[in-house]
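Observations on chain architecture
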Amino acid sequence: MDPSIMLFLAQDGITNGAIYTILALALVMVFAVTRIIFIPQGEFLAWGALSMATVEAGHVPGTLWVLLLAGGLVFVLDLWSQRQRRDHRALLRSAGWNVAYPLVLAGLLSLLPLAALPQAVQALLVMLVVVPLGPMLYRLAFQPLAEASVLVLLIVAVSIHFLLVGVGLLIFGPEGSRTQPFSEAQLELGSLLVGGHTLVVMAASLLLIGGLYLFFGRSLYGKALRATAVNRNGARLMGISPALAGRLTFLLAALIGVMAGLMFAPLSTVYYDSGFLVGLKGFVAAIIGGLGSYPLAAGGALLVGLLESFSSFWASAFKDVLVFTLILPVLMARSILSHGVEDDE
Amino acid sequence: MSGAPVSSTSSRPAGRGVSWGLLRPQTLLVLFLLAVLLAPLVLSDFTVTLLNYVGLSALVALGLVLLTGIGGLTSFGQAAFVGLGAYTTAVLTAGTDLPPALAMLAGSPWLALLIGLLLTSVVAIVLGSVTLRLSGHYLPLGTMAWGISLYFLFGTTEMLGGHSGLSGIPPLELFGFPLTESRHYYYVVWLVVLVAVLTSRNLLDSREGRAIRALKGGRVMAEAMGIDTGRARMIIFVIAALHACTAGWLYAHLQRFVNPTPFGLHIGIEYLFMAVVGGAGHVWGALLGAGVITLLKQWLQDILPRLFGSAGNYEVIVFGLLMVLMLQRARDGLWPLLARLVPVRQEVKRIDPQAAPLPRKDQPPHGEVILQAREVTRRFGGLVANNAMSLEVRAGEILALIGPNGAGKSTMFNQLSGVDTPTSGEILFRGRAIAGLGARRIAALGMSRTFQHVKVLPRMSVLENVALGAHRRGQRGVLSAAWRLERAEEARLLRDAAAQVERVGLGEVMHDEAGSLALGQQRLLEIARALCSDPCLLLLDEPAAGLRLKEKQALAALLTRLRAEGMAVLLVEHDMDFVMGLVDRVVVMEFGQKIAEGLPEDIQSNPAVLEAYLGGVDA
């Protein structure tokens, strides 16, 4: 292997690793705040990517219909849960976010000349459509089960993954899509050609990580989420609603998932069920960090990306076997380090 | 309360928890067997084939019931074990150009089954030793990872035919008669399923089964009762894998062709869905869940593509929705809902008064020092919870450890019983250093305990809870339990457990669920369970809390009797009336240190103790 191939593989690995990093961060965050192991993260990636491809082709993405339907369901559920004692302001807010917002967005999408819009506006529209599905999903599937055990929540998460994959097939069809890269520029660094899209991915990931850092470190909402992660009941006693914390977390997770999808789709063809494998790789990274440490998870993500790109050179058939077997020595190390017996929930 | 004779009741007059149904469980079982036997004679070919697949899935789901519903370990990777079984037999019976070592074993499906089970055990033990010690959610995530790894491995290994798979697998033969017709194969599949159901039920209703049932939510208690919970986890993990492997072997000879698709992660998840939908806590739930999901899938694959106008796995939408609704509304699955509709008489455990009593350990002579703590110190970071604590307990003596809240009594208690390890200092039990030995080994030496926050298994009967204490007094393993070869030993264990239940005065509620008892009764249950392990030292953590006056008097009488028999008792208690009238000596703690030790009457007038409890007397 000559140095230029090696540099090329490293660049490839780091680009993918950056995407796994933000996915891993989202997984760690969701688990810390809600104790949910967020398997459907990958579906947000796929839906973001495929919605972008639809918009690029000038069509209204099918995710809009999902948004309208999910919003309607959330509103009905809110209405039903308040049948005893109506809180009119809360209902009005629910109607605004869950009914009016999707309708306005639908109007906007049907009027705009989607294919002709600048790429950044297209990406923004995709985010406006797909990201609100995160909090809606939390409201519909997880909020009624907020006190359940980690295992029950995990099985729900897996069920949601099934559901979303099926819906994805319904709205996007079985064909895969690849979107336009955000930058066609080529940068020459010595013997290495760095693709513009690679730089966009790196910059966006770093921005996102910085943004999350500021959000959790400085903003009141970020601190509320951290408090919920440390102690749910304590946070509730301090006036932080666990339901709000859950929806906010899912909003962030969906945002990260969609952004990852927008960055991923120009690198490789995305199908309705591609998200799962990509998401699981984020998981391997998150588990390397013990589902608790952000820096370790990021390191794990880079490791996964590099392992993947180098093994695709040496033993491409066994690429995925290698990536997913990586988890075993990690778990083994954790198993040796952990001791004693504790009661599971 | 006095040493009543062992109860020989096999059924009880009307009382709590007994439903007087019309049907005996045996009647239902016979009806079900008849239905299974006659089904292929009346049903269409298509339906019989479908039932074959239901049986195969039920076998895998049954393993998951043991693993997930009863043992509390979730696995998404069972399909990979199915694949191991299927591919082993495919390679050995249909593979070409086998390496010489394998060629020797090739040809016979029955030999291939044996080799498959062996291989699966090895793989399961390796995977299990890596993941099973981790608690909670790591195991399911780990199962996803290796589930996917094995799936990709099936697809990329050349000897296994890659993604196109292996064909030409011969049919099974019975006495030279090839089972090519699905009607004939049906009987093989369902015989295996029924044997698996029967052996699983037998296993759960045994000494090893009680240990398995204690895994979910009672591991700390189980270890204190001498149960090796790590081993119990491994046992159910391997059993579940072997069920899956057998299903794979049957599948390969039914299909006569294998490729990687049916062994992927998503099929593994579907198996888990079956267990959850059917009712993961119930052996029959596996059959119900496998039936519901398989038939529903068939039906949905028929109608959904027509509805949506294109082909695809749209049934996953319905499965996903169904699962979310089930978990939100009926988390225990369909079986309990169904069981409620059928009036079945509850059968109560039979206790054989003729069973030989269990052998007992030699009790140490009266007055011998049994437990000795020397300068035990426990630090949590900067906090010194116990500072140079020393105490002794002798055979035939009741020692009370008292002190205000936060004095460090519970920390001391945990170190003595092996739940926690001292930072420095020594603990000797019958002359042996036990610090850091772990609760299970300490229990084996003859120390038993109760818990301040009672730890009983609410869904198990009082008798079975108490029998957990006798775990170490039996030896028979999983296989003999599955085939009921350990009934003589089981009868002896239950007889002893029943005697302890009577001894603490719970004979009336022996067959009720432990969760239905009042708190005070649950404390008595814990004492019976501790006694069932034949200890020479009892550690009781606030045994009188929550007891009514009569119950307290009865408990005091019991402890007095135990003392007379030579038992050593160490108790932590807040109820001073109870303590002062009963115990021989008292040790008082405050701020992690011993501030006084002596006879009850001396302690009651000790100024340091009064200061600690009342905040000074000469104010």
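Each value, and the rule that gives it
Residues numbered from 1 in each chain as written. Chains lettered and ligands numbered in written order. Predicted model: local features only at pLDDT ≥ 70, side-chain atom pairs only at ≥ 80, totals over all residues. Helix = DSSP H or I, 4+ residues; strand = E, 2+ residues; numbered from the N terminus. Rg over C-alpha atoms; globule rule 2.2 N^0.38 Å. Buried ≥ 20, exposed ≤ 12 C-beta atoms within 10 Å, placed from the backbone. Contact = placed C-beta atoms within 7 Å. Domains from an automatic or database assignment. Nonpolar A, V, L, I, M, F, W, Y, C, P; charged D, E, K, R; others polar. Pairing = 2+ DSSP bridges. Axes fitted to C-alpha atoms, helices over the stretch in contact; angles between N-to-C directions. Parallel < 35°, antiparallel > 145°, perpendicular 65-115°, else oblique. Left-handed = near helix turned anticlockwise from the far one by under 90°. pLDDT = per-residue confidence, 0-100. Expected span 1.5 Å × (residues − 1). Core = buried A, V, L, I, M, F, W, Y, C linked by C-beta atoms within 7 Å.

1. Overview of the overall build of chain A
Across its full length, chain A holds 15 helices and two strands. Here chain A has a C-alpha radius of gyration of 21 Å; the compact-globule value for 345 residues is 20 Å, and the two agree. Its C-alpha atoms put chain A at 70 × 60 × 40 Å along the principal axes. Per-residue burial over chain A gives 45% buried out of 345 residues. Looking at chain A alone, contacts between residues at least 24 apart form 76% of all its contacts between residues at least 6 apart.

2. Details of the overall build of chain B
When its secondary structure is counted, chain B shows 24 helices and 14 strands. Taken along its principal axes, the extent of the C-alpha atoms in chain B is 90 × 55 × 50 Å. Going through the 619 residues of chain B one by one, you find that 51% of them count as buried. Pairs at least 24 apart in sequence give 75% of the contacts found in chain B among residues at least 6 apart.

3. Quick look at the domain arrangement of chain B
Residue and element names in this part refer to chain B. Annotation of chain B at the domain level lists domain 1 (47-264), domain 2 (367-446 + 535-619) and domain 3 (459-533). Of note, the centres of domain 1 and domain 3, computed from C-alpha atoms alone, are 32 Å apart. In this complex, domain 1 contributes 15 residues to the contact, which on the side of domain 3 involves 20 residues. No other element matches the six residues that helix α8 (residues 207-213) contributes to the side of domain 1 that touches domain 3. Here the side of domain 1 that touches domain 3 is built from residues that sort into six nonpolar, five polar and four charged.

4. Comments concerning the sheet that holds strand β6 (residues 383-394) of chain B
Residue and element names in this part refer to chain B. A sheet is described by the order of its strands in space; here four strands give the open sequence β6-β5-β8-β9, paired in antiparallel fashion. Only two strands of the sheet have a single partner each, and these edge strands are β6 and β9 (432-433). Of the pairings in the sheet, the one linking strand β5 (residues 369-380) to strand β8 (residues 424-429) comprises five bridges and is antiparallel in character. Residue pairing in the sheet places Leu371 in a bridge with Phe429 of β8. Running at roughly 120 degrees to β5, helix α15 (residues 409-416) makes contact with β5, β6 and β8 of the sheet.

5. A few points about the packing of helix α12 (residues 275-288) of chain A against helix α13 (residues 294-314) of chain A
Residues and elements named next belong to chain A. Two numbers describe how α12 lies on α13: the axes approach to 7 Å, and their chain directions differ by 135 degrees. Taken together, the axis directions place α12 and α13 in an arrangement best described as oblique. Crossing of α12 over α13 shows right-handed handedness. Each of Lys281, Gly282, Val284, Ala285, Ala286 and Ile288 in α12 lies in contact with α13, whose residues at this interface are Leu296, Ala297, Gly300, Ala301, Leu303 and Val304. When grouped by side-chain class, the residues that make up the contact of α12 with α13 number nine nonpolar, two polar and one charged.

6. A word on the confidence of the model for chain B
Residues and elements named next belong to chain B. Across chain B, the average pLDDT comes to 90, with 96% of residues at or above 70. Every residue in residues 1-19 is under pLDDT 50, and counting partners more than four places away or in other chains gives 35 contacts. Both scores are available for the predicted complex, with the pTM at 0.90 and the ipTM at 0.88.

7. Here's the deal with helix α11 (residues 265-278) of chain B
All names here are of chain B. An ideal rise of 1.5 Å per residue puts 20 Å on 14 residues; α11 measures up with 20 Å between its terminal C-alpha atoms. Burial runs high along α11: 14 of the 14 residues are buried. The first or second residue beyond α11 is Gly279, which carries a positive phi of 125 degrees.

8. A word on the sheet that holds strand β10 (residues 447-449) of chain B
Strands belonging to one sheet form pairs held by backbone hydrogen bonds; the direction of such a pair is parallel or antiparallel. Residues and elements named next belong to chain B. Read from one edge of the open sheet, six strands run β10-β11-β12-β7-β13-β14, paired in mixed fashion. Pairing within the sheet leaves two strands with one partner each, and these edge strands are β10 and β14 (593-598). Neighbour to neighbour, the strand axes of the sheet diverge by 20 degrees on average, direction disregarded. Here β10 pairs with strand β11 (residues 537-541) via three bridges, running parallel. Considered in β11, the bridge of Met447 is made with Leu537. Each of β7 (398-402), β11, β12 (568-572) and β13 (585-590) is contacted by α15, which is oriented at about 150 degrees to β11, the strand it contacts most. Strands β13 and β14 of the sheet are contacted by helix α24 (residues 607-614), whose axis makes an angle of about 125 degrees with β14.

9. Considering the packing of helix α2 (residues 45-70) of chain B against helix α10 (residues 229-255) of chain B
Residue and element names in this part refer to chain B. Closest axis-to-axis distance for the α2/α10 pair is 7 Å, and the angle between their directions is 170 degrees. One finds that α2 runs roughly antiparallel with respect to α10. For the pair α2 and α10, the contacting residues are Asn52, Leu56, Leu59, Val60, Leu62, Gly63, Leu64, Leu66 and Leu67 in the first and Ile236, Phe237, Ile239, Ala240, His243, Ala244, Thr246, Ala247, Leu250, Tyr251 and Leu254 in the second. Taken together, the residues of the contact of α2 with α10 break down into 16 nonpolar, four polar and no charged.

10. What about the nonpolar core?
Grouped together as the largest cluster of nonpolar side chains are 295 residues, with contacts concentrated most on Ala24 and Val284 of chain A together with Ala61 of chain B. For this core, the leading source of residues is α10 of chain B, giving 17 residues. For Val284 of chain A, the residues in contact, after removing those within four places along its chain, are Gly300, Val304, Val323, Phe324, Leu326 and Ile327 of chain A together with Ala145 of chain B.

11. What about the pairing of β7 of chain B?
All names here are of chain B. Where burial is concerned, most of β7 is hidden: four out of the five residues are buried. Note: β7 against β13, four bridges, orientation parallel. Looking across to β13, one finds that Ile402 is bridged to Val588.

12. Overview of the interface of chain B and chain A
With 44 residues of chain B at the contact, the number on the chain A side is 42 residues. Looking at the side of chain B that touches chain A, the elements that each hand over two or more residues are α5 (109-131), α6 (138-156), α9 (219-224), α11 and α13 (315-329) of chain B. Tallying contributions element by element places α6 of chain B first for the side of chain B that touches chain A, with twelve residues. In the side of chain B that touches chain A, the residues fall into 24 nonpolar, 16 polar and four charged.

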